[in-house]
Amino acid sequence: ARRIVDAHLAEHPAGGWLDPLATATLLACYGLPLTTTVWARDPHSAVVAARALRHDGHDGRTVLKAYWPDQVHKSAAGAVRTGLRTDRDVRDTYREFTAAFGDRMAGVVVQPMAAPGVELLAGLVQDQVFGPLVVLGLGGTATDVLDDRAARLAPLTDLDLPEMVAGLRAAALLSGRPGSPPVDLPAIHRILAGLSRMADDLPQIAEADLNPVIARPDGVLCVDARIRVE
Ligand code: ADP
Ligand code: MG
């Protein structure tokens with residue numbers, strides 16, 4: 001994890017956002033469950049990646065996301081396409097991205113389509129006074145509309161983990177109802193604990209934003225993550 005951060009800062013002394021591969025590797029170091037994320041720099045490689053993912057046991061649909069450095073809101077820019085079924089969908093989408101974004105597009109990430117669940121956000125922010133805060137909230141399209149968040153100073157204790165979940169107004173969405181089982185709460189706790197360890201190890205992390213983290217009874221999976229170092 002330190003090597004990834006140091007390598008980025010050696011190349012970009014002012015800091016900035018890690019690229020998708022560095023981000024994925026850093027998350028893996030802390031056991032943070034990012035969905036399979038394959039990097040492709042031309043339409044053919046994207047098709048090959050999507051084919052491999054299609055044989056991987058999920059429902060067969062894939063997602064393509066155009067990537068360029070310092071992008072902010074991919075879906076608002078038209079850089080996220082979900083539910084792609086065929087080689088042709090993937091190839092056409094890559095070409096449409098190239099036409100729309102031109103030379104600034106460095107490539108795409110290809111992911112399997114995740115099953116739906118409750119979309120959360122989890123992350124790290126630096127408080128000017130107190131240092132790193134671990135954040136949990138309602139994510140996805142509800143992020144800005146509902147602004148439902150709980151934040152605690154790192155390092156988190158074992159007590160912080162359930163309290164952060166309980167502190168959300170959306171907590172009832174996670175705990176289940178008759179006929180709908182609760183989401184995998186221990187997996188959410190592990191994400192918060194992993195972020196806390198990451199903050200502890202790597203003070204260079206200015207911001208980490210996992211959004212959405214899709215929570216389901218059978219597990220929790222992040223499909224989009226950004227990490228900024230400085
Ligand atoms: P951004 O947040 O930059 O707009 P995301 O990668 O979060 O881009 O994609 C936007 C939305 O698309 C997500 O909130 C999620 O609802 C959906 N999405 C993205 N990737 C996947 C995926 N692999 N499987 C299912 N849904 C996805
Ligand atoms: Mg997102």
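Bear in mind that the values here come from a model prediction, so they are computed numbers and not experimental data.

### Details of the coordination of the magnesium ion (ligand 2)
Argument step 1. Here the magnesium ion (ligand 2) is held by the protein donor atoms Asn211 (O) and Asp224 (OD), which lie 2.1 to 2.2 Å from it. Of this pair, Asn211 sits in strand S9 (residues 205-216) while Asp224 sits in the loop between strand S10 (219-222) and strand S11 (225-229), placing them 13 residues apart in sequence.
Argument step 2. Its relative accessible area of 19% is what places Asp224 among the buried residues.

### A short note on the site of ligand 1
Argument step 1. The immediate surroundings of ligand 1 are formed by 16 residues, with Lys65, Lys74, Ser75, Ala114 and Glu119 found nearest.
Argument step 2. In the environment of ligand 1, an oxygen atom lies 2.9 Å from a nitrogen or oxygen atom belonging to the backbone of Lys74.
Argument step 3. The separation between a nitrogen atom of ligand 1 and a polar main-chain atom of Ala114 is 2.8 Å.
Argument step 4. When contributions to the shell around ligand 1 are tallied by element, the ones reaching two or more residues are strand S3 (62-67), strand S5 (107-112) and S9.

### A few points about helix H4 (residues 87-101)
Side chains three or four residues apart in an α-helix point the same way, a direct result of the helix having 3.6 residues per turn.
Argument step 1. Spanning 15 residues, H4 covers 21 Å between terminal C-alpha atoms, matching the ideal 21 Å at 1.5 Å per step.
Argument step 2. Within H4, burial applies to Asp87, Val90, Thr93, Tyr94, Phe97 and Phe101. Buried residues in H4, looked at end-on, bunch into an arc of 135°, giving them a common side. In H4, the exposed residues that point more than 90 degrees away from the buried face are Arg88, Ala99 and Ala100.

### Let's talk about unusual backbone geometry
Argument step 1. Here the bond from Ala154 into Pro155 is cis, since omega is 0°, no more than 30 degrees from zero.
Argument step 2. For Pro155, the location among the structural elements is in the loop between strand S8 (149-153) and helix H6 (160-166).
Argument step 3. At the junction of Asn211 and Pro212, the peptide bond is cis and its omega measures out at 5° in the coordinates.
Argument step 4. The residue Pro212 is located in strand S9 in this model.

### Considering a nonpolar patch on the surface
Argument step 1. A cluster of nonpolar side chains, contributed by Val129, Phe130 and Leu153, occupies part of the molecular surface with about 330 Å² of accessible area.
Argument step 2. Position of Phe130 among the secondary structure elements: in the loop between strand S6 (118-127) and strand S7 (131-138).

### As for the domain arrangement of the protein chain
Argument step 1. The assigned domain composition of the protein chain is domain 1 (2-33 + 116-229) and domain 2 (38-112).
Argument step 2. The interface is formed by eight residues belonging to domain 1 together with nine residues belonging to domain 2.
Argument step 3. Where domain 1 abuts domain 2, roughly 660 Å² becomes buried across the two surfaces, and 52% of that area is made up of carbon and sulfur atoms.
Argument step 4. Of all residues in domain 1, Pro20, Val223 and Arg226 give up the largest surface area on contact with domain 2, accounting jointly for 56% of the area buried on that side.

### Topic: the pattern of salt bridges
Argument step 1. If you walk through the whole model with that rule in mind, you get 12 salt bridges.
Argument step 2. A salt bridge links Asp87 to Arg51, with the shortest nitrogen-to-oxygen separation between them at 2.7 Å. You can see Asp87 sitting in helix H4 and its partner Arg51 sitting in helix H3 (residues 43-54), a full 36 residues away along the chain.
Argument step 3. The exposure class assigned to Arg51 is partly exposed, which follows from its relative accessible area of 37%.
Argument step 4. Residues joined by salt bridges that share partners form a network here, namely Arg51, Arg54 and Asp87.

### Describing the pairing of S9
Argument step 1. With nine of 12 residues buried, S9 is to be regarded as a mostly interior element.
Argument step 2. The pairing of S6 with S9 spans seven bridges and is classified as antiparallel. Counted as the bridge partner of Val118 is Ala215 from S9.
Argument step 3. Sheet topology places S9 next to S11; five bridges connect them, and they run antiparallel. Its bridge partner being in S11, Ile205 is matched across the sheet by Val229.
Argument step 4. As defined by bridge partners, S9 adjoins S10 across four bridges and the pair is classed as antiparallel. Looking at the pairing, Ile214 lines up with Leu221 of S10.
Argument step 5. What sits between S9 and S10 in their antiparallel hairpin is a turn of two residues.

Cut-offs applied
- Residues numbered from 1 in each chain as written.
- Chains lettered and ligands numbered in written order.
- Predicted model: local features only at pLDDT ≥ 70, side-chain atom pairs only at ≥ 80, totals over all residues.
- Heavy atoms only, no water.
- Donors = N, O, S within 2.8 Å, 3.2 Å for Na, K, Ca; no water.
- Helix = DSSP H or I, 4+ residues; strand = E, 2+ residues; numbered from the N terminus.
- Buried < 20%, exposed > 50% of the residue type's maximum accessible area, 1.4 Å probe, protein only.
- Near = heavy atom within 4 Å.
- Polar contact = N/O pair within 3.5 Å; in protein donor to acceptor, adjacent residues only side chain to side chain.
- Expected span 1.5 Å × (residues − 1).
- Arc of directions from axis to C-beta.
- Patch = residues over 30% accessible without salt bridge, like charges linked within 9 Å, V, L, I, M, F, W, Y side chains within 5 Å.
- Areas by Shrake-Rupley, 256 points an atom, 1.4 Å probe, with all protein chains shown as cover.
- Salt bridge = Lys/Arg side-chain N within 4 Å of Asp/Glu carboxyl O.
- Domains from an automatic or database assignment.
- Contact = heavy atoms within 4.5 Å.
- Buried area = accessible area lost by both parts, 1.4 Å probe.
- Pairing = 2+ DSSP bridges.

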